[in-house]
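Take a look at the letters that make up each chain.
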Amino acid sequence: MERSFTKEVQALRLGAGETFHGEGILAVTKALLQSGVSYVGGYQGAPVSHLLDVMVDAEDLLADLGVHVETCTNEASAAAMLGASINYPLRGAVTWKSIVGTNVAADALSNLSSPGVVGGAMIILGEDYGEGASVIQERSYAYAMKSSIWLLDPRPDLPTIVHCVEKGFELSEASHAPVMLELRIRACHVTGEFAAKDNRRGIYSGQNRVPGPVKFDYGRLSHPPVTFVQEKKKVEERMPAARAFIREHQLNEVLPGDLADVGIVVMGGLTNSVLRALARLDLADRYGATRVPMLVLNVVYPLVPEEVREFCAGKRAVLVVEEGHPEYIEEAINVELRRADIQTRVIGKGPLPRAGEYTSDVLLTGIAAFLTETRPHGIDADAIAQRAESMLAHRPAAAAAVGDLPPRPPTFCTGCPERPVFSAIKLAQRELGPMHISADIGCHSFATFAPFSFGNSILGYGMSLASAAAVGPNLDRRPIAIMGDGGFWHNGLITGVASNVFNKGDGVLIVMQNGYASATGQQWLPSSPTSRSGSASGVTIEQTLKSLGVKWLRTVHTYGVAKMTATLKEAMRTAEKGLKVIIADGECQLVRQRRVRAEEAEMLKRGERVVRTRYGVDDEICTGDHSCIRLSGCPSLTVKPNPDPLRTDPVATVIESCVGCGLCGEVAHAAVLCPSFYRAEIIRNPTRWDWVKHSFRSSVISWFTRAPATREGGKQQTATQASTPLPNPPPQGGREQTVCGERESNPSEKGPSRPITLLIAALGGEGGGVLTH
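Residues numbered from 1 in each chain as written. Predicted model: local features only at pLDDT ≥ 70, side-chain atom pairs only at ≥ 80, totals over all residues. Heavy atoms only, no water.

1. A word on the overall build of the protein chain
And then number 1: Across its full length, the protein chain carries 25 helices and 26 strands.
And then number 2: Counting the 773 residues in the protein chain, one finds 53% classified as buried.
And then number 3: Residue pairs at least 24 apart in sequence account for 78% of intrachain contacts in the protein chain once pairs closer than 6 positions are excluded.
And then number 4: Accessible surface computed for the protein chain: about 34,100 Å², of which carbon and sulfur atoms make up 54%. (Helix = DSSP H or I, 4+ residues; strand = E, 2+ residues; numbered from the N terminus. Buried < 20%, exposed > 50% of the residue type's maximum accessible area, 1.4 Å probe, protein only. Contact = heavy atoms within 4.5 Å. Areas by Shrake-Rupley, 256 points an atom, 1.4 Å probe, with all protein chains shown as cover.)

Structure (structure tokens):
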């Protein structure tokens, strides 16, 4: 996983009388244990990926409490877990990223909410909305309303978050309905403290199992004709019970203020941002005391009519701070006030934008505009508007002073095994022409940005092959669909592959097999080389595809650009009909680097031989064309000023972040570019044989790098940075050189030493040259 919580999870063992310190995700897990859950599960996705990571890291503790942990293959699988709470008094929680995960889970959620639950059922949603989001900009509110699932949006401080988790289970059981708890990015990572309670086991759990199944009850099924009765129960029984519980337990908060003729109704998750904006206008302090009264909706659905009427009564106007579109809460408040014949003005969208994230600056200008329009007694609204304007007035001048900044689109990690595949596609297009590429969710979607700019559609996680189903029959060439191994197991296997084989499709599918759900933090998959239990599942993508009847199947190492290019051409040109699948195999570089660096550190401690590969560019040979950069897009491959005063074009260079994946050289060779790249192997703790090879190579290279007259017996003079071609260049234009440094200790002694050997080989097009330092 991307981050280990092995140390932090010890805080989950805290009991009554102790204080918990940590961040939001860990606090949610602690609240689940304090609530007596019997099972937890979910599917990874920002901003709640770490919630599943914490559960896995705390598996020993959860096992002691009898809590079952399930790492699900998609969100529908996670939502279906909550079916255990339909018939049994089992508290359960599942988590995923919303809105996309909620879309996937929608069918199970509808069939869960219709019969209702006996045990508390909670869905913890990572509400990924706003400028920092990675998905389509929709909200979970519509799902809550449509399915009568109560939606909690806690104020982002740890005591409130923990309280809402604990009370959320009670609310679910009191109203026999599932609840959603949405957490924005800030809530997931906010830090703070709260008074801990003892963890407790569920009524039934793995340590105390249910004594046999319940009796059959048709009314617990979401199936006609009882679904008609269940729909009436949602409105006539569950909704009133939920509202009564919310009001009785004061889940929503009222923050008093002296400007009594106006007020603000705010979604709980936006409370801190609103208070910060008020503080910037001198209408609140840093501790949360506000002059403008606020109704904080920690439960945004359902609204409690009595609370809304009591707060708005006697006020001339209220501002509804509701992020996103449509304005569900604003419209509902308007309806409730008109029904009660309360004439308080309801203002929301107008001073505040109809869509987009409510950042600090957006709230600052929106609140100032609201106060200017309503002019409450006791403040100078014009002065407040001027203050807000002055706070933002410096922005244009600052932007003008800085000037235009170069765009920095997101891209693949250095050494990512997926980048070479897109380099191969670019090379294949030179012969085959443009291709229709159905993109997917995952790291590979970075190829939609420069320098690749690939992708004609993104329809969902694992949906790339399905989204090309109607393209192939209407296009004069085969479309290419790209998905990762995470997308393959999430949705692509059935929705894409099975459907394509069943309908005798004739497209090309590239599956990026890097071994993990890398984009969300390297969580394990069914085909991962290992799992949280320490052993592999034995399931492979190749075996699965063969079992479905895929006949044209190739597995290619991703860093072999030339072979990948040839395989792509074969897939596009072959006369064989049917689905063509290329498994692009290459381990996630982040996982590899974390593993290799730890292994090498241990080897160095033991004084063992360690080899590290690096790449570089010969300044004299580089033509300054920069095709290598356009074809690879590696962050470690950039430009620098040309050291030759007679040449003005910058030359390519490899910076220190290079991880030695070799893509630059592979691309240079496959595309027949200039042979300016060299490969260097830095050896720590070299052996005696390394020293012998080093001495021999140094002698040979020293002879080649002398001036011609010197080799004929003249003065011993070295031609620095010579570029004399080798008489008989190795295959692919290769060359080798050994460069030595001084050793700090005797070669036979164990222990750390400075690197002493660089093995350098030319990579690129035809011919070669000699590189010297």
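2. What about unusual backbone geometry?
And then number 1: At the junction of Tyr301 and Pro302, the peptide bond is cis and its omega measures out at 5° in the coordinates.
And then number 2: Here the bond from His325 into Pro326 is cis, since omega is 0°, no more than 30 degrees from zero.
And then number 3: Relative to the helices and strands, Pro326 resides in the loop between strand S13 (317-321) and helix H13 (328-339).
And then number 4: A positive phi angle, close to 65°, is found at Asp282, a residue other than glycine.
And then number 5: Relative to the assigned elements, Asp282 resides in the loop between helix H11 (271-280) and strand S11 (294-297).

3. Brief notes about the packing of aromatic side chains
And then number 1: For the coordinates displayed, the defined rule picks out 14 aromatic pairs.
And then number 2: Aromatic side chains Phe412 and Phe446 sit 6.0 Å apart centroid to centroid with 85° between the ring planes, which places their arrangement in the edge-to-face category. Separated by 34 residues along the polypeptide, Phe412 in the loop between helix H15 (381-402) and helix H16 (419-432) and Phe446 in the loop between strand S15 (437-439) and strand S16 (457-458) bring together distant segments of the chain.
And then number 3: Owing to a relative accessible area of 27%, Phe446 belongs among the partly exposed residues under this scheme.
And then number 4: If you follow Arg554 out to its NZ or CZ, it ends over the ring of Trp552, 4.0 Å from the centre. (Phe/Tyr/Trp six-rings, centres within 6.5 Å; stacked < 30°, edge-to-face > 60°. Lys NZ or Arg CZ within 6 Å of the ring centre and 35° of its normal.)

4. Examining the side chain of Thr102
And then number 1: Secondary-structure assignment places Thr102 in helix H6 (residues 100-113).
And then number 2: The exposure class of Thr102 is buried, given its relative accessible area of 0%.
And then number 3: A polar side-chain atom of Thr102 sits 2.6 Å from a polar atom in the side chain of Ser98.
And then number 4: In this structure, Thr102 is in contact with Trp96, Lys97, Leu109, Leu125, Ser140, Tyr143 and Met180, ignoring residues within four places of it in sequence. (Polar contact = N/O pair within 3.5 Å; in protein donor to acceptor, adjacent residues only side chain to side chain.)

5. Some remarks on the side chain of Gln593
And then number 1: Tracing the sequence through the fold places Gln593 in helix H21 (residues 589-605).
And then number 2: Here the side chain of Gln593 touches Gln589 through a polar contact of 2.8 Å, side chain to side chain.

6. Description of helix H1 (residues 24-34)
And then number 1: The buried fraction of H1 is high, at 11 of 11 residues.
And then number 2: Burial in H1 covers these residues: Gly24, Ile25, Leu26, Ala27, Val28, Thr29, Lys30, Ala31, Leu32, Leu33 and Gln34.

7. As for empty space enclosed by the protein
And then number 1: Tallying each qualifying case throughout the model produces 4 cavities of 30 Å³ or more.
And then number 2: Estimates place the volume of the largest cavity at around 90 Å³.
And then number 3: Forming the boundary of the largest cavity are 13 residues, of which Cys634, Ser636, Cys658, Cys661 and Cys664 lie nearest the centre.
And then number 4: For the lining of the largest cavity, the class distribution of residues is 9 nonpolar, 4 polar and no charged.
And then number 5: Of the voids in this model, the second largest cavity is the one considered here, and its volume is about 70 Å³.
And then number 6: Glu127, Tyr129, Arg139, Ser140, Tyr141, Leu151, Glu182, Arg184, Met267 and Glu323 are the residues that line the second largest cavity.
And then number 7: Class assignment for the residues of the lining of the second largest cavity results in 4 nonpolar, 1 polar and 5 charged. (1 Å grid on protein atoms, 1.4 Å probe; cavity = no way out; pocket = protein on both sides within 12 Å on 5 of 7 lines; lining within 4 Å. Points joined across faces, edges and corners; volume = space filled by probe spheres on them. Nonpolar A, V, L, I, M, F, W, Y, C, P; charged D, E, K, R; others polar.)

8. What about the sheet that holds strand S17 (residues 480-484)?
And then number 1: With parallel pairing, the 6 strands of this open sheet are ordered in space as S16-S15-S17-S18-S20-S19. Here the strands that pair on one side only, and so sit at the sheet edges, are S16 and strand S19 (552-557).
And then number 2: Here 6 bridges tie strand S18 (residues 508-513) to strand S20 (residues 580-585), and the two strands are oriented parallel to one another. Its bridge partner being in S20, Val511 is matched across the sheet by Ile583. (Pairing = 2+ DSSP bridges.)

9. Side note on helix H12 (residues 305-312)
And then number 1: All of the buried residues along H12 are Pro305, Glu307, Val308, Phe311 and Cys312. On an axial view of H12, the arc spanned by its buried residues comes to 165°, and they lie on one face.
And then number 2: The inward-facing, buried residues of H12 abut helix H10 (226-248), strand S9 (253-255), strand S10 (262-267), S11, S13 and H13.
And then number 3: Phi for Gly314, located one or two positions after H12, is positive at around 85°. (Arc of directions from axis to C-beta.)

10. Focus on the domain arrangement of the protein chain
And then number 1: In terms of domain boundaries, the protein chain breaks down into domain 1 (6-247), domain 2 (252-396), domain 3 (419-531 + 538-592) and domain 4 (609-686).
And then number 2: Measuring from the centre of the C-alpha atoms in domain 1 to the corresponding centre in domain 4 gives 51 Å. (Domains from an automatic or database assignment.)

11. What to know about the packing of H11 against helix H14 (residues 360-374)
Pairs of packed helices are described in terms of their axes, by the angle between the two and the distance that separates them.
And then number 1: Between H11 and H14, whose axes approach to 9 Å, the crossing angle comes to 60°. With respect to H14, the axis of H11 lies oblique. Seen from above, H11 lies across H14 with right-handed handedness. Where H11 approaches H14, its residues Ser273, Val274, Arg276, Ala277, Leu278 and Arg280 are matched on the opposing element by Ser360, Asp361, Leu363, Leu364 and Ile367. (Axes fitted to C-alpha atoms, helices over the stretch in contact; angles between N-to-C directions. Parallel < 35°, antiparallel > 145°, perpendicular 65-115°, else oblique. Left-handed = near helix turned anticlockwise from the far one by under 90°.)

12. Comments concerning the sheet that holds strand S5 (residues 121-127)
And then number 1: Spatially, 7 strands are ordered S3-S2-S4-S5-S7-S6-S12 in an open sheet, and the strand pairing comes out mixed. Lying at the two open borders of the sheet, with one neighbouring strand each, are strand S3 (68-71) and strand S12 (299-301). Each strand axis lies, on average, 20° off the axis of its neighbour in the sheet, ignoring direction.
And then number 2: Bridge count between strand S6 (residues 150-152) and S12: 2 bridges; the pairing is antiparallel. Its bridge partner lying in S12, Leu152 is registered against Val299.

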